[in-house]
Amino acid sequence: MMGRLMRCRRLLGMVVTMLCLLGIAAYNTMPRQEDPSFPHRAGLLTVSYPGANADAVERLVLEPLADELRQVEEVDFASGTARTGVAVVNIRLNDTIYDTDAAWDRVRQAMERARHDFPDGVGTMNLEDRLINIPSIVLAVGGSPSVTELSEQAERLKNNLLDIPGVSRVELEGDADEQITLALDDAALYRLGVSPSRVLDTLAQRNQVIPGGFLVVDGQRISILPNSEFGNLDAIRATPIELPDGSQVPLASAAEIWRGPAEPRQPETWDDGERVVLVNIMLEEGKTDAIRFGERVRERLAQLKPEFAPYTIQEMFFQPDKVQDRLDNLAWSLLFSVLIIIAVVFTGMGLRMGLLVATILPMVTLISIGLYDLGGGILHQIAVIGMVISLGILIDNAIVIVENIQTLLDEGVARMEALVRSVKELAGPLGASTGTTLAAFAPLLLSKGGTADFTRGIPVMIMLTLSVSYLLAISAVPLLAARFLKPRKQVRADRLAGLARVLGGLVSRAPGWLVLGGVLMVAASVALTPFLKQQFFPNADRPRVIVELYMPEGTDQGKTARVAADLERAIRSRPETVNVHRFVGFTGPSFYYNLRRAPQAPNRGRLVVKTETLAQTTGLVHWIREYAAEALPEADLTVGILGQGPPRVAPVEVRLSHPDDSVRAQAVETVYAGLRQAPGAVDVRHDLDPGVPSVRINVDDAVAARYGISRADVARSLYGQSFGMVAEQYRQEDDPIPLVLRSREGTDLSLTRLLSINVYTAQGKAVPLSAVATVNTTWEPAARYLRNGVRVNTVTANLENGYSFSQALGGLEDYLKTHPLPPGTRMEYGGDAEGSKDANSAILTTAPIGVLLLLFFLLLQFNSFKRVGIILLTVPLATVGIFPGLVLSGSPFGFQSLLGVIALVGIVVNNAIVLLDVMDRQLEAGQPIRDAVRLAVEQRTRPILLTTATTVAGLLPLAFSSSTLWPPMAWAIISGLLASTVLTLLVVPALCVKVIRGPVVEMEEARIPG
């Protein structure tokens, strides 16, 4: 093969050069994001049922929906909330679903089936199945106290941004819809003898869009436009209403008419105390370079801002800057890693060999980026991290090949022969060692779910770079070596050679003691596991504090807004506060990939506080908690910073179900008390609600029938008085504006006034409500919660800095031993515990494939179960370093550490393969086992120590980076590798001395007894 390669070396050189150029082009043009995109597995279904209480919404809407959704196999769970007038269902698809569009179509079919069981009054059903689409850029339009004006300017800005390349869609938030209110005077209607339904009918007849056709005059068409619809507010005021005696009065004599913001209050947004309307810009994910997209938007805004004066356009959140910062930081990490690795290689191998080995780094990196882009890859932090991890590993193949060729040249072997012999000797073992690393990462590549989707860039990039590095190591590197390496006159006796001889002697003299020492070290390391903190994903490294505000269920948005404003004023008085964004009636834009979006609710708010540095967030979080506990006792707050990994409700979440409401409430109180005393648990809250007062109107059917009134007439009258009824639409604007008929006071109507209203018969005769109904007040649940159709309540908690979910749940379990839950209660964990379990089980499901591939490559190379067993023993040897390394560096054991362990398995197995390969060659040459092992250790100490040094050196920039995501993984690999390398050079050969007697017996040479 090498002879053929030598003849085609120009072709090979050109192919490698072209692939490198492809990499440079790809790097400049490929799409960039900060984090990977997730499949659209989360959806939010909202169903309106005006006027119905929470019990009715649960019974008549949520239960039929849950029955149908349970039949959709793709749905993992559906958790529903029933509130007065609305049902909200969070739907989550199974982690194994990647064709989400087809699954959401099945969900829509289930919704349509459920609709047949709904009562008549149920309104619109809306499913949002793109919940995780986050806006890349959030702009705030301000500069006027009128929200209506700001909404018009935001709409204008939206229309000016839609044509920017890369825009997926633009949405407005915090804008105000308008309505034209027809405030009927009840006394005037009664005096005139006109019913509200008469007014409705008159408006409907008067406000119609009827085409008048056209005439042809001298061959020209002339349109005829009859004035059949309302042209302005005066036209509405002047609408004639017919009285019972046949005379007419204008509508203005029985109603006050004005135009204003829609009722009830819609979600509101503030930027540093100024009322603003938000313009959310989504980019086309997976196709657009976010950094360039940001530049294009800024260019367009620079042109537009003068046109919008005196209105202001501010950047509230600008994700492209974060993408640039993150990728720039990682690019520097990559560069530092390369420089450190090159320095290590030069130190350990000398200038000529070092230069040769170093050339493989840029070649592999560029070729891998080119291939990654061709396969549709996106450049984000996970992919770059995969590259950083692989840097130290990918250079191993080149080190071993170059060392081998140099050694043969030093022994006087001819160049061509040195080349051919090296490739022939090493193509197998290096292929096996590359294959085993690929096998170690195969489970990560194949596993499914949110966590696997988030981290998949790591196995993809590592497997790609290692495959490329192996192919280059057995093709391009030997050709370069043959050209540039020279036989050395005398080989310097350096310290590494001396160390190799010492280790070799130690292994051949005292193998028993070494094996015993290895076992004791593994046992001591495993004993440290109780001191490890468990964590799923760490918090993000953005200096932002997120305050989630929950007012009691049933609170009006006006009160929520006042409390949020008080809290904002207090926070802005703090010196570390840079700015505050306030959202009321909803949770604002999801400016970060794992911020959960909650549906609109009048009792919800969110404050996003920016600080100068990440370190300042801790103090501010504590201060806000203490301030709110004293100054805002009615508000329920959770305060924290942004998290990482797949989205979840809270780091600690406990779900409790029992058919009996009172028993379930008792269980919730028990868990709540348990979590409050658990170590590290803060912001503990539950979703039990005390209920809301309601006024029940009991219609006496017999009396009502005598007046010719039905229950529906009473309900319509009550609804029309308070909330109002949409009579018609005013169509003179871009969007139709509803005409709403209601009483003067609307929802501010007093109870006594409400009970004295008139109900109108079909003939328009007014009957006092008190004549047909009695009134009593009741206390009703404000909200009902169901998960997969079963009633459930949840207790959640945030974590104090430095604590993990395992500590909080451990504290809860200790508490429950002395305070057991009521019998029949089912308890399950959500949050990080569930995410961690799902992620680990996803990897465990695919782990057998990885193990199978690992055994395949090892048996292919060694054809001996004993040897494979010894190589696999290096895996527990790696734990000797991992646990102490994580404990001493203060890093928790989370999903990143698990990634580190997987990477480590691939690396330590490689070292053992290279070592045993030399030993087998010595055994075949007739050496006794002790000498074969000693020679193997002497020959392989330098490359093994060099590969360890390069891997460790390559990871140092990550270990010391400011990121919260990567140091745990880097420390797991570094500490595990340092310990396992020493033990691989000592314990593995010592085991060989004890277990292996001679070379592998080939099949045809084996004697069959008989």
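Now for a description of the structure that goes with this document. (Residues numbered from 1 in each chain as written. Predicted model: local features only at pLDDT ≥ 70, side-chain atom pairs only at ≥ 80, totals over all residues. Heavy atoms only, no water.)

What about the overall build of the protein?
Let me state the cut-off plainly: Helix and strand labels come from DSSP, where a helix needs a run of H or I of at least four residues and a strand needs a run of E of at least two; each type is numbered from the N terminus. Only protein chains enter the accessibility calculation, which uses a 1.4 Å probe; a residue whose area is less than 20% of its type maximum is buried, one above 50% is exposed, and one in between is partly exposed. Between two residues, a contact is recorded if the distance between any of their heavy atoms is within 4.5 Å.
Scanning the protein for helices and strands turns up 32 helices and 31 strands. On the principal axes, the C-alpha backbone points of the protein span a range of 125 × 85 × 65 Å. Relative to its 1010 residues, the protein shows a buried fraction of 54%. Long-range pairs, those at least 24 residues apart, make up 80% of the contacts in the protein between residues at least 6 apart in sequence.

Side note on the packing of aromatic side chains
Which entries qualify depends on this criterion: Each Phe, Tyr or Trp ring, with Trp reduced to its six-membered ring, pairs with another whose centre is within 6.5 Å; inter-plane angles below 30 degrees give stacked pairs, above 60 give edge-to-face pairs, and intermediate values give tilted ones. By the criterion adopted, a ring carries a charge over it if an Arg CZ or a Lys NZ lies within 6 Å of its centre and within 35 degrees of its normal.
Inspection of every chain in the model, using the stated rule, returns ten aromatic pairs. On the numbers, 6.1 Å between centres and 80 degrees between planes, the contact of phenylalanine 583 with phenylalanine 586 is edge-to-face. Considered together, phenylalanine 583 and phenylalanine 586 belong to a single accessibility category, that of buried residues. Their ring planes at 85 degrees and their centres at 5.4 Å tell us that phenylalanine 960 and tryptophan 971 sit as a pair that is edge-to-face. On the criterion of sequence distance, the pair formed by phenylalanine 960 in the loop between α31 (929–959) and α32 (967–995) and tryptophan 971 in helix α32 is long-range, its members being eleven residues apart. Residue classification places phenylalanine 960 among the exposed positions, given a relative accessible area of 63%. The partly exposed category is assigned to tryptophan 971, whose relative accessible area is 22%. Among the aromatic side chains, those forming a connected cluster through ring pairs are Phe38, Phe454, Tyr592 and Tyr593. Arginine 41 extends its terminal NZ or CZ atom over the ring of tyrosine 98, reaching a point 4.8 Å from the ring centre. The lysine or arginine in question, arginine 604, covers the ring of tyrosine 550, its NZ or CZ lying 4.2 Å from the ring centre.

Some words on the packing of helix α27 (residues 831–862) against helix α30 (residues 895–924)
Note the threshold: Note on geometry: axes are lines fitted to C-alpha atoms, helical ones only across the stretch in contact, with angles between N-to-C directions running from 0 to 180 degrees. Relative orientations are named as follows: roughly parallel for angles under 35 degrees, roughly antiparallel for angles over 145 degrees, roughly perpendicular for angles from 65 to 115 degrees, and oblique for any other angle. Residues are grouped as follows: Ala, Val, Leu, Ile, Met, Phe, Trp, Tyr, Cys and Pro are nonpolar; Asp, Glu, Lys and Arg are charged; every other residue, Gly included, is polar.
Contact geometry for α27 and α30: axes closest at 13 Å, N-to-C directions at 10 degrees. Here α30 runs roughly parallel to α27, going by the angle between their axes. Across the interface between the two elements, Ala839, Asn840, Ile843, Leu858, Gln861 and Phe862 of α27 pack against Phe895, Leu898, Ile902, Val909, Ile913, Leu916, Asp917 and Asp920 of α30. Partitioned by chemical class, the residues of the contact of α27 with α30 number ten nonpolar, two polar and two charged.

Observations concerning the sheet that holds strand β30 (residues 793–799)
As a reminder, the rule being used: At least two DSSP bridges between two strands are needed for those strands to be called paired.
In spatial order, the strands read β21-β30-β20-β31; together these four strands make up an open sheet with antiparallel pairing. Among the strands making up the open sheet, the edge pair consists of β21 (681–686) and β31 (826–829). Each strand axis lies, on average, 15 degrees off the axis of its neighbour in the sheet, ignoring direction. Sheet topology places strand β20 (residues 652–657) next to β30; five bridges connect them, and they run antiparallel. Bridging from a neighbouring strand, leucine 656 pairs with asparagine 793 of β30.

As for the sheet that holds strand β28 (residues 783–787)
Spatial ordering of the open sheet is given by β4-β1-β3-β2-β28-β29, a layout of six strands whose pairing is antiparallel. Each edge of the sheet is formed by a strand with only one pairing partner; in this case those strands are β4 (125–128) and β29 (790–791). In this sheet, strand β3 (residues 86–93) lies alongside strand β2 (residues 75–83) in antiparallel orientation, the contact comprising eight bridges. Along β3, the bridge assignment pairs alanine 78 with isoleucine 91.

Some points on unusual backbone geometry
Residue proline 310 follows alanine 309 across a cis peptide bond; omega there is 10 degrees. With respect to the helices, strands and loops of the structure, proline 310 is situated in the loop between α9 (290–308) and β15 (312–318). With phi around 50 degrees, aspartate 272 is a residue other than glycine that occupies positive phi space. If you trace the backbone, aspartate 272 turns up in the loop between β13 (268–271) and β14 (274–283). Exposure remark for aspartate 272: the relative accessible area of 31% places this residue in the partly exposed category.

Side note on the pairing of strand β8 (residues 214–217)
Relative to strand β9 (residues 220–223), β8 runs antiparallel, the two being bridged by four bridges. Across the sheet, valine 216 pairs through a bridge with arginine 221, a residue of β9.

Digging into the side chain of arginine 582
Selection rule: The term polar contact refers here to a pair of N or O atoms within 3.5 Å; inside protein, the definition further demands a hydrogen-donor-capable atom paired with an acceptor-capable atom, and it admits residues adjacent in sequence only when both atoms are side-chain atoms.
Relative to the assigned elements, arginine 582 resides in strand β17 (residues 577–584). A distance of 2.3 Å separates polar atoms of two side chains, one belonging to arginine 582 and the other to glutamate 568.

Notes on the environment of asparagine 698
Turning to its location among the elements, asparagine 698 is positioned in strand β22 (residues 692–699). Residue asparagine 698 is classed as partly exposed on the basis of its relative accessible area, which comes to 32%. For the pair asparagine 698 and proline 478, spaced 220 residues apart in the sequence, the C-alpha separation amounts to 93 Å. Sequence-distant contacts of asparagine 698, that is, excluding residues within four places in its chain, are made with Val772, Ala773, Thr774 and Asn776. Here asparagine 776 takes part through its side chain, which lies 3.0 Å from a polar atom of the side chain of asparagine 698.

So, the nonpolar core
Defined as follows: Definition of nonpolar core: a set of buried residues of the types Ala, Val, Leu, Ile, Met, Phe, Trp, Tyr and Cys, connected through side-chain atoms within 4.5 Å.
Grouped together as the largest cluster of nonpolar side chains are 203 residues, with contacts concentrated most on Leu157, Ile389, Leu675 and Met919. Membership of the second largest hydrophobic core comes to 30 residues, among which are Val47, Ala56, Ala82 and Phe118.

Some remarks on a nonpolar patch on the surface
Rules: Any residue with relative accessible area above 30% and no salt bridge may belong to a patch, with like charges joined within 9 Å and the nonpolar Val, Leu, Ile, Met, Phe, Trp and Tyr side chains within 5 Å. The protein chains shown are the only cover counted for residues, whose accessible areas, like all others here, come from Shrake-Rupley with a 1.4 Å probe. Definition used for salt bridges: Asp or Glu carboxyl oxygen within 4 Å of a side-chain nitrogen of Lys or Arg.
Residues Leu11, Met14, Val15, Met18, Leu21 and Ile24 make up a contiguous nonpolar surface patch of roughly 550 Å² in combined accessible area. In this structure, methionine 14 sits in helix α2 (residues 9–29).

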